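Now for the letters of each chain:
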Amino acid sequence: MTRTIVVLTAGLTVPSSTRLLGDQLADAVSAAVGARGEAVSFEYVEVRELAQDLAGYMTSGGVATPRLTAVREQISAADGLIAVTPVFSASFSGLFKMLIDALDTDALNGMPVLIAATAGTARHSLVLDHAMRPLFSYLRAVVLPTGVFAATEDFGSTGLSDRVARAAAELANAVVVSGSDHVAGFAPDPTARRRTSGNDLAPVADFAELLRGHSG
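About the thresholds
- Residues numbered from 1 in each chain as written.
- Predicted model: local features only at pLDDT ≥ 70, side-chain atom pairs only at ≥ 80, totals over all residues.
- Heavy atoms only, no water.
- Phe/Tyr/Trp six-rings, centres within 6.5 Å; stacked < 30°, edge-to-face > 60°.
- Buried < 20%, exposed > 50% of the residue type's maximum accessible area, 1.4 Å probe, protein only.
- Helix = DSSP H or I, 4+ residues; strand = E, 2+ residues; numbered from the N terminus.
- Arc of directions from axis to C-beta.

Draft legend 1. Structural detail: the packing of aromatic side chains. Applying the stated criterion across every chain, the model contains two aromatic pairs. An angle of 40° between the planes, with centres 6.1 Å apart, marks the rings of Phe-92 and Phe-96 as tilted. Judged by relative accessible area, which is 0%, Phe-96 ranks as buried. Arranged with centres 6.3 Å apart and planes meeting at 70°, the rings of Phe-96 and Phe-136 form a pair that is edge-to-face. Taken together, the positions of Phe-96 in helix H4 (residues 94-102) and Phe-136 in helix H5 (residues 127-138) put the pair 40 residues apart, joining distant regions of the chain. Since its relative accessible area comes to 0%, Phe-136 is described here as buried. Each residue in the set Phe-92, Phe-96 and Phe-136 is aromatic and connected to the rest through ring pairs, giving one cluster.

Encoded structure:
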């Protein structure tokens, strides 16, 4: 079967180092999955293109546009996620966090996630373990051991290539092993939380309407 991996990048420019790192990781994962005799496809989400949709979602009580609804479904249905953010003020970007906040709390249950970040200086490398890893762990994703940080001077270096290859191998292994096809006689874990996009849930009621409902 063909696995699907979503590459989520939050760069603000075209082209961006964030998207460049996402592409390198996707290429490495493709090679690693192919080496196992399996197939993988990639779907790309540029958070920058959703800026207006996300602003509307945040200021309308959680009403998603059709485009944001489709992205929510796309992410929750994936077999794995590559999440790459630029570093702003020693953390992930606000736009990146807005998209994560727009996901259902069960959207990433059990999903293998490769975290990565870019910045102008290596002093921000701790963003992976102090910001991104706790964020995705909170959402019950399976955050891979190797995160990839790339400062401007890292691009083209052997050290970055080695980290990309190691992280890609971990994601390839996680995606292939956690596929829905399992050995006959062994059932999936019945205690595992079901993954959902949240798009099938009833819209959040207007706050004034909630107050009227309790006024009696």
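Here the narrative resumes.
Draft legend 2. Molecular detail of unusual backbone geometry. Of the consecutive residues Val-14 and Pro-15, the connecting peptide bond is found in the cis state with omega at -5°. Positionally, Pro-15 belongs in the loop between strand E1 (2-9) and helix H1 (17-35). You will see that Ser-89, though not glycine, has its phi angle at about 50°, which is positive. Along the chain, Ser-89 turns up in the loop between strand E3 (80-88) and strand E4 (91-92). Phi is positive for Arg-140, which is not a glycine, with a value near 65°. Taking relative accessible area as the criterion, Arg-140 reaches 31% and is therefore assigned partly exposed.

Draft legend 3. A look at H4. Looking only at H4, the buried set comprises Leu-95, Phe-96, Leu-99, Ile-100 and Ala-102. End-on, the buried residues of H4 take up no more than an arc of 160°, which puts them together on one face.

By themselves these figures say nothing about function.
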